[in-house]
Each structure stands twice: as structure tokens, then as C-alpha cells.
Amino acid sequence: MATAELVSRRESDHLSQLTMAATRYENRTERRERNRAVLETRGPLYADTPERVEKRLARLGTDWAMARAIERTPTEPASSAGSTLRLPPETVTSGVLGLERLIGRNNLTPVAFLEEGAQVSRSVGRVTISGPGGGHGTGFMVSPSLLLTNNHVLPGAQEADRSKVAFAFQDGVDGAPLVPAVFRLEPLRFFVTDRALDFSLVAVAPRGAQGEALSSFGRLVLSEAQGKVVIGEYVNIVQHPRGEPKQIALRENQVVDLLDRFLHYESDTREGSSGSAVFNDQWEVVALHHSAVPKTDADGRPLSVDGTVWRPETGEQQLAWRANEGVRISRVLEALRAMPLTGEAARLRDEVFTTGLTPSPGESAPPVPFPLGTSTLPGTNGSRAQAVDGTAQLTVPLRITLGLGTPSVSPAAPTPTAAPQPSPAGRPDIVSAVEKDVDAALTSHRLAQQGPYYDRAADIAARDAYYADVDTGSGGGALRRALTGLLTETHEPRPRYKPMNMVYPWVDLHKDGRLRSIYSGKGFSAEELIRADAAVTKARLARVQELLLRESTAGPAEFEAEFDALEASMPFNCEHVVPQSWFAKKEPMRGDLHHLFACEVGCNSFRGNFPYFDFPDFDEVIREDCGMREDVGFEPEEGRGAVARATLYFLLRYPGQVGDAAREFPAERLPVLLKWHEGEAVSEYELHRNAAIAALQGNRNPLVDHPEWARAIDFTGVWP
């Protein structure tokens, strides 16, 4: 099938799923409103059918008598014998607490709820589809070998063959990113799909790119039994929204309707969440998340946030949505069981219906991934015990060597019986080059700190000389053109993007000698980020060499897509205030130091490629310390003035490079930059940055040197 045809088919399938979900939701409006009315007046015990409620109570190990007793106590006094059951303290167990949560009488829960949630989330990974029509989704292991996701994520074996799944793509407990374990999908070994129920089931390679054992990430045991959820109950969704690190929509997600094959719930899921597992409070999988329920026009067509008819090419971030829809997991299992499979395919399919996990012959689980910069795992003396499907494992303290990539494990670590071939990144010549890069960066950092942080007199003299030939009285358009010419002409040399060597040692330091995240203000030492980015680079090199060995027949487009996915899954702790996707990662824009800032991976991913936006009521943060993000844009918690001036510099230096797509920076967003620029004065930190960058790449930021020019420059000519 031709590439264009594949992309068109995927877009058509996705649009079809959205339209059908919207139709189902619209057709159930009257029923859903009745459900809500009952939930508000009587509660979940009465919103669903008596048969389904009884099955749910039975699954919780209780019955109507206990439910009614908890429902009435203590607000209703006993009027006759047996009408109300008074519960002595010793009977208020975790099971009773779970029942009270169902009824809505009590939000307390054992702390084990969080621990179990963390455990089951290990089986959830980010699916990356490379090449034409690619993107991200979510999937989860449902047997020792098979991963479940949506049909519209992996519509066929061809797409699955160029896809991978990354587990542990998330932040650790210390806020630092874990090193993800990336596994190839193997559709030739097993692949089945169902468009009507929007699910695909595919085999995953038993070993990851770095030799990780798939078995170490466990699996989610699925059940065909009814009674896992009722209308009015709250569910939890573990997901990779927009391909970002793993996140969870925890409990504030109410089931508002339950259809024969689908259920509707209100939750915080985004694009890339397709294929997520939807859990009840007992962490049983109740549904496969597959579609937002979009707002539609009179003809049933999905609408964008601006009220126009949505098209797939505009991106899912532009969809206006009302709720979410999941495919009931019992229906997925029912369809899977009915498929006429034979031989090895039937055997793999049947493993989904077993409750135990049998490791592949010769396999043993490698250590749990852990954050960069952490020398030992949390726990007593650095050890940590965990269970994977009921099998206890103990990970002992490890020493890690942070070079240009993934941690290398000391001999004290357990070694898989069926050991993979040594990683290409382990070659002495590569390791030596990595160590030299790290040593050079640390030496630059040490030498730079021996001089003054910022020499004001010298910088003023350099500034005046730099702009000596600029005529500031010639009008806004002429001033803009003069500055663009000056910035371009003096931009020599043009360093390539390598933050560990160019940004962290000196350019982005604050006066106390530390780095601070541009969005959160969180502090780091220069060495910490140098070594962390070096580790990421080593991991990338290993993967690149693997690609060269395994995919020698792939064309340039396939390699480019692989590299893009690789960078997205293993990013640096550096932020481009003008997102790389807006200028296709081209140099010199990519390495231009004026718009590069230290930024931890979590905030970097959280911002994504959203344009800056000024929220009228910026009084809460969606992710702790990073800022506020909605479909319209992103506003950082810190650094608004600095990022505004950096973006204005970019518009002057590279006119016509951004602003030609709705997701980028249209002209009407200019007032946001000017407001932030005028609202926060240029700091000594920015003056230091400007002088340091001028020494490295020759040009300066006019908005740092002359803040008063912002209103004098006519920026209208910088847009295409």
C-alpha cells in the first residue's frame, strides 16, 4: 500500500472513530441525564441496573445489606430492628472503605492503593509509530508476550512492524527522568485487530534495545467477569498523553453511562492517550480507552476549539471535546476468544486468558529502571523489593557510570541468563569520546567561574560598539530590517546544538554558579545536567548503531522518523523556547544559544510545542512548578520575561521561519510577548547570558540590550 494511502487510511479511521463515538454519546443524552439525576439524588447504587449493581457488590465481597447499612449510617437512625446495621470499629476494614468510596460516603483508602497503582502502571508503555502517518499512542501488556492498544493506533501489521513500545518513560520519585526500556513490536509473530471494537493485539520482542527483559514489566490480568464497574463509579487512567512521560488521571473520572460495548466517562485524557488502560479502584482493567467524545455540529462533524469543523491534519490538540469513551474490556476479550486462530497464534492468544505469568525460558528480570543521577535505588541500604505478578524480586544497590547514555551496571547487578550482545555504545572508542566530552565541559565550567560573572562596564562598551551603525530613527520597519541584517551578519561561528558543552558550563549559569530551570526555577548543578545529558547521548548512540545494524535496508525517511522518535523518548534537559518542530530542527536555529535554556525534562515535555499564552486567571499550575497548559497554549510559572525576549530575538533573527501554522506563533500572539517583556525587567542573569553568547556566537539580543526598542520595532514583517 502506498505511503499516502496509508496516511489517508489512518486519518479516515481516526475520524470515523471520533464520529461514531460522538453519535453514540448524542444518542444516549436522555439516558445519561437520567443517570446524572439519580446519581445526584440517590447515588451509584441506584443509577445502574439492579443486576449489575449486585454483581459489582459481589465482586467487592459484600451485598445489599452491608451497602444499605453504610449508606444510611450515621445519617439515618434505626427505626426498627434490622433496618440499620451499626458497624463496630473492628469491622471497618479496607473492604468497607472501598464500599464507602463506591457509595460516595468516604474518600479514605489504604495507602496500598497508590502502591498497587504504581505497580500496575509498569505494564503501561508509550507506543511510537515511525515513518509516514506516525505518532504516539499508549498500550499495555496483557500477557507475557502481547500488548493491547487501539486499532486506530496500529491499524495493521505494516504499521506495527515500524513501531516500538517504551516502558518506564516517566519521571522517578526524585523528579529526574527514568531511562526508558524500548522494545520492538513483532507483528509477524502475532497480530490481530478489530476495527469495530477499535483494538489491536501485537507481540512484543522479549528483549529491549539494551537487553532489558520484557518480563520485568509484568502484565495486566484481564477478566471477562461482569461487575468491575457501575455507573457513577470513578475510574483511573494511566496514559501517555501527546506522547509525554507517563501520567495518571486519578479517580476524578466518573462513569456517566454504560453501553453494551462501550462506557462513557469524564476524565483528563488527551491525544496519545489512545490505547490506555482504564482501571477501577481495585486496579482491575475495565476498559480500553479509545476516543474522546468531540463536540459536533448539526451534521455530526467534530468541531475544533475555535468552532470550525475539525480535520485530522489540524491535529488532535485542536479538538473540542465533551467526554471520553472506552471499549469494555469484557467485549474485547469476547471478540478475541472468538477469533479462529491456530497453532502458535492460538497459544499466544490463550495466554491472555491465563492469570499467571510464565517467564520465557532462560529469562530473568533485570533491575528496575531508575532516575539519572541516582546512585542507588530507594529503600533500606539502597535496596528495593518489588513484585511482578506475585513474584518477589529484590534489586540490590547498583553503581552507575554516567557517560553519554544509559547507566552501565556494575558486576554486582544480576545478569540475565540469556545475555544480549554487548551494546555498541559500550565500545571503548565511543566511551572514550564520551568521557572526553564530559571532561571538556566540566573543565570549561571550572575555568569560566574563575573570572567575573558579569563585567557591566565592558559589556556596555561592547553593546554600544555592536549597534553603532544602527539608525534607530528610521522607522519601525527599517529598524527591524537593520537588526535582522546585523544579527545574521554577526552570527559567527554558528554552534551546533549541544547543550552539555555550550549551555550548562557557563552561558545559562546564575550568579551563584547554579543552573535554574527556565519554567520552574528548580536548581541544578552544572555537573548534574552535563552528566545527565551525557547519559542520554550515550543511549542515543547505542540505539543509532543498533538501527544501522538492524535496519540497513531502511530509507532516509524511515531513519529520520526513527531519530525523531529517539530524541522525543530521550530528551535533553534543555528547552528551545521556539520549539524545534516549528523550524524542522534545522541549524543554525537549533543550536542558537539565545533561545536555549536549562529546563528539566518534565517541564520541557509538559510545555511541548505549545505557543506561549497569557491566561487571565493564572492562579494554578497543571504540573507542579512548570506552569499552566491548556489547548490554547502554555504559560510558564517562571521566566516569562526571559522567554519573551528570547522569542522576540528569534523572530528578528529568523523572519518567516515560524507563524505559518496555527500551532506555531501567529501574529496576534505578539502582544503576549510584549506584555511579558515589559512586565519583567532584564535581570543580571540575562545580561550575563547575552554577553556570554556574544562571545561564543558573535551576535547579541537587541531586546536585552535595549528593552525600549520593543515598541519601536515593527514586527509585522517577521511573519510569512
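For every chain, the first residue of its written sequence is number 1, and the numbers climb from 1 along that sequence. Residues qualify for local features only when their pLDDT is at least 70, as the model is predicted, and side-chain atom pairs are given and counted only at 80 or more; totals for whole chains, interfaces and linings, by contrast, use all residues. Water and hydrogen atoms play no part in the side-chain values, which are based on all heavy atoms of the structure.

## Observations regarding the overall build of the protein
Move 1: Per the convention used, a helix needs a DSSP run of H or I reaching at least four residues, while a strand needs a run of E reaching at least two, with both numbered from the N terminus. Helix and strand counts for the protein stand at 21 helices and 24 strands.
Move 2: Across the 720 residues that make up the protein, the buried fraction comes to 55%.
Move 3: Of all intrachain contacts in the protein linking residues separated by at least 6 positions in sequence, the fraction that spans at least 24 positions is 70%. Three labels apply to residues, based on accessible area from a 1.4 Å probe with only protein chains included: buried if under 20% of the type maximum, exposed if over 50%, partly exposed otherwise in between. Contacts: residue pairs with any heavy atoms within 4.5 Å of one another.

## Details of the sheet that holds strand β6 (residues 191-194)
Move 1: Strand pairing requires that DSSP identify at least two bridges connecting the strands. Spatial ordering of the open sheet is given by β5-β4-β1-β2-β3-β7-β6, a layout of seven strands whose pairing is antiparallel. In the strand order of this sheet, the two ends are held by β5 (181-184) and β6, each with one partner. Along the sheet, successive strands turn relative to each other by an average axial angle of 30°, direction set aside.
Move 2: Examined bridge by bridge, strand β3 (residues 146-149) and strand β7 (residues 199-203) share four bridges and lie antiparallel to one another. For L147, the partnering residue across the bridge sits in β7 and is V202. A fitted line through C-alpha atoms serves as each axis, taken over the contacting stretch for helices, and the angle formed by two N-to-C directions is quoted from 0 to 180°.

## Overview of the state of the cysteines
One covalent bond between the sulfur atoms of two cysteine residues makes up a disulfide.
Move 1: When two cysteine sulfur atoms are found within 2.5 Å, that pair is recorded as a disulfide. As enumerated under the stated definition, the model contains one disulfide in all.
Move 2: Here C574 stays unpaired: no disulfide links it, and the sulfur of C599, its closest cysteine neighbor, is 8.4 Å away.
Move 3: Between C599, a cysteine without a disulfide, and C603, which holds the nearest cysteine sulfur, the sulfur-to-sulfur distance is 5.2 Å.

## Digging into unusual backbone geometry
Move 1: Between E492 and the following residue, P493, the backbone shows a cis peptide bond with an omega angle of -5°.
Move 2: Looking at the secondary structure, you find P493 in the loop between α13 (476-489) and α14 (499-507).
Move 3: The backbone phi angle of A168 is positive, close to 60°, even though this residue is not glycine.
Move 4: Non-glycine residue R242 carries a positive phi angle of around 55°.
Move 5: Turning to its location among the elements, R242 is positioned in the loop between β8 (236-239) and β9 (247-249).
Move 6: Its relative accessible area of 18% is what places R242 among the buried residues.

## Things to note about the nonpolar core
Move 1: Working definition of a nonpolar core: buried Ala, Val, Leu, Ile, Met, Phe, Trp, Tyr and Cys residues. They are joined through side-chain atoms within 4.5 Å. Ranked by size, the top nonpolar core spans 51 residues in total, and within it L483, Y519, V577, Y612, L648 and F715 carry the most contacts.
Move 2: Going through the elements one at a time, α13, α17 (601-607), α18 (640-653), α19 (670-679), α20 (684-697) and α21 (702-705) are the ones with two or more residues in this core.
Move 3: In terms of residue count, α18 provides more of this core than any other element does, nine residues in total.
Move 4: Not counting residues up to four positions away in its chain, the partners in contact with V577 are Y519, H595, F597, R607, Y612, V643, A646 and T647.

## Side note on the pairing of β7
Move 1: Within β7, five of the five residues are buried, which leaves it mostly tucked inside the rest of the structure.
Move 2: Here four bridges tie β6 to β7, and the two strands are oriented antiparallel to one another. Across the sheet, the residue bridging to F191 is V202, located in β7.
Move 3: Count of turn residues in the β6/β7 antiparallel hairpin: four residues, of which D198 carries a positive phi of about 55°.

## Some details on the side chain of S130
Move 1: Within the secondary structure, S130 is located in the loop between β1 (124-129) and β2 (135-141).
Move 2: With residues up to four places along the chain from it excluded, the contact list for S130 reads R162, A561, E562 and A565.

## Observations regarding the side chain of Q239
Move 1: Within the secondary structure, Q239 is located in strand β8.
Move 2: Each polar contact in these results corresponds to two N or O atoms within 3.5 Å; when the atoms are within protein, one needs to be able to donate a hydrogen and the other to accept it, and residues that are neighboring in sequence are counted only if both atoms are side-chain atoms. Engagement of the side chain of Q239 in a polar contact is seen with the side chain of S273, the distance being 2.6 Å.

## Observations regarding the pattern of salt bridges
Move 1: Basic side-chain nitrogens of Lys or Arg form a salt bridge, by our definition, when they fall within 4 Å of a carboxyl oxygen of Asp or Glu. Counting across every chain of the model gives 33 salt bridges.
Move 2: One salt bridge in this structure joins R347 and E344, with 2.6 Å as the shortest N-O distance. In this pair, R347 and E344 both sit in helix α10 (residues 343-351), three residues apart, roughly one turn of the helix.
Move 3: Overall, R347 belongs to the partly exposed group, its relative accessible area being 41%.
Move 4: In this structure, D614 and K675 form a salt bridge, with 2.6 Å as the shortest nitrogen-oxygen distance. Separated by 61 residues along the polypeptide, D614 in the loop between α17 and β23 (627-630) and K675 in helix α19 bring together distant segments of the chain.
Move 5: Residue K675 is classed as partly exposed on the basis of its relative accessible area, which comes to 48%.

## Considering the packing of α14 against α20
Move 1: Interhelical geometry of α14 versus α20 gives an angle of 135° and a closest axis separation of 11 Å. Classed by the angle they form, the pair α14 and α20 counts as oblique. With respect to the hand of their crossing, α14 and α20 are arranged in right-handed fashion. Between α14 and α20, the contacting residues are M502, W506 and V507 on the first element and H688, R689, A692, I693 and L696 on the second.
Move 2: Here the residues of the contact of α14 with α20 sort into six nonpolar, one polar and one charged. An angle below 35 degrees is treated as roughly parallel, one above 145 as roughly antiparallel, one from 65 to 115 as roughly perpendicular, and anything else as oblique. Handedness of a helix crossing follows the sense of rotation of the near helix relative to the far helix, less than a right angle counterclockwise being left-handed and clockwise being right-handed. Ten residues, namely Ala, Val, Leu, Ile, Met, Phe, Trp, Tyr, Cys and Pro, are considered nonpolar, four, namely Asp, Glu, Lys and Arg, are considered charged, and the remaining ones, Gly among them, are considered polar.

## Here's the deal with the confidence of the model for the protein
Move 1: Every residue gets a pLDDT, meaning the predictor's confidence in that residue, from 0 to 100. Considering every residue of the protein, the mean pLDDT works out to 79; 75% of them sit at 70 or more.
Move 2: Within the model, pLDDT remains below 50 along residues 73-92, and this stretch shows 21 contacts once partners closer than five positions in the same chain are excluded.
Move 3: Low pLDDT, under 50, characterises residues 356-426; the predicted model gives this stretch 157 contacts beyond four residues in sequence or across chains.

## Considerations on the environment of R629
Move 1: Along the chain, R629 turns up in strand β23.
Move 2: Residues R629 and F606 lie 23 residues apart in sequence; the distance between their C-alpha atoms is 7.9 Å.
Move 3: Separated by 2.5 Å, the side chains of R629 and E244 make a polar contact.
Move 4: A polar atom in the side chain of R629 sits 2.7 Å from the backbone oxygen of F606.

## What about the pairing of strand β24 (residues 633-636)?
Move 1: Side chains G633 and E635 of β24 all project onto a buried face; the interleaved residues F634 and P636 project onto the opposite face, where all are buried too.
Move 2: The sheet contact formed by β23 and β24 spans four bridges and is antiparallel. Bridge pairing links M628 to E635 in β24.
Move 3: The turn joining β23 and β24, which pair antiparallel and follow one another in sequence, is formed by two residues.

## Some details on α18
Move 1: Each residue after the first adds 1.5 Å to the expected span of a helix. Its 14 residues give α18 an end-to-end C-alpha distance of 20 Å, which sits within 8% of 20 Å, the value for a rise of 1.5 Å per residue.
Move 2: Burial analysis of α18 places 14 of its 14 residues in the buried class, the great majority of the element.

## Things to note about the packing of aromatic side chains
Move 1: Classification of ring pairs uses Phe, Tyr and Trp, with its six-membered ring standing for Trp, and accepts pairs whose centres are within 6.5 Å; under 30 degrees between planes counts as stacked, over 60 as edge-to-face, and the remaining range as tilted. As enumerated under the stated definition, the model contains 17 aromatic pairs in all.
Move 2: Judged by centre distance (5.8 Å) and plane angle (70°), the ring pair of F167 and F183 falls under edge-to-face. Of this pair, F167 sits in strand β4 (residues 163-167) while F183 sits in strand β5, placing them 16 residues apart in sequence.
Move 3: Accessibility expressed as a relative area gives 0% for F183, which makes it buried.
Move 4: Taking the centre distance of 6.0 Å and the plane angle of 80° together, the rings of F606 and F634 count as edge-to-face. Within this pair, whereas F606 is found in helix α17, its partner F634 is found in strand β24, the two being separated by 28 residues in sequence.
Move 5: In this structure F606 comes out as buried when scored by relative accessible area, which is 6%.
Move 6: Given the relative accessible area of 0%, F634 is considered buried.
Move 7: Put simply, the rings of Y519, F606, Y612, F634 and W676 pair up and form one aromatic cluster.
Move 8: Geometrically, a charge over a ring is one whose NZ (Lys) or CZ (Arg) sits within 6 Å of the ring centre while staying within 35 degrees of the ring normal. Here the guanidinium or amino end of R607 rests over the ring plane of Y612, the centre of that ring lying 4.3 Å away.

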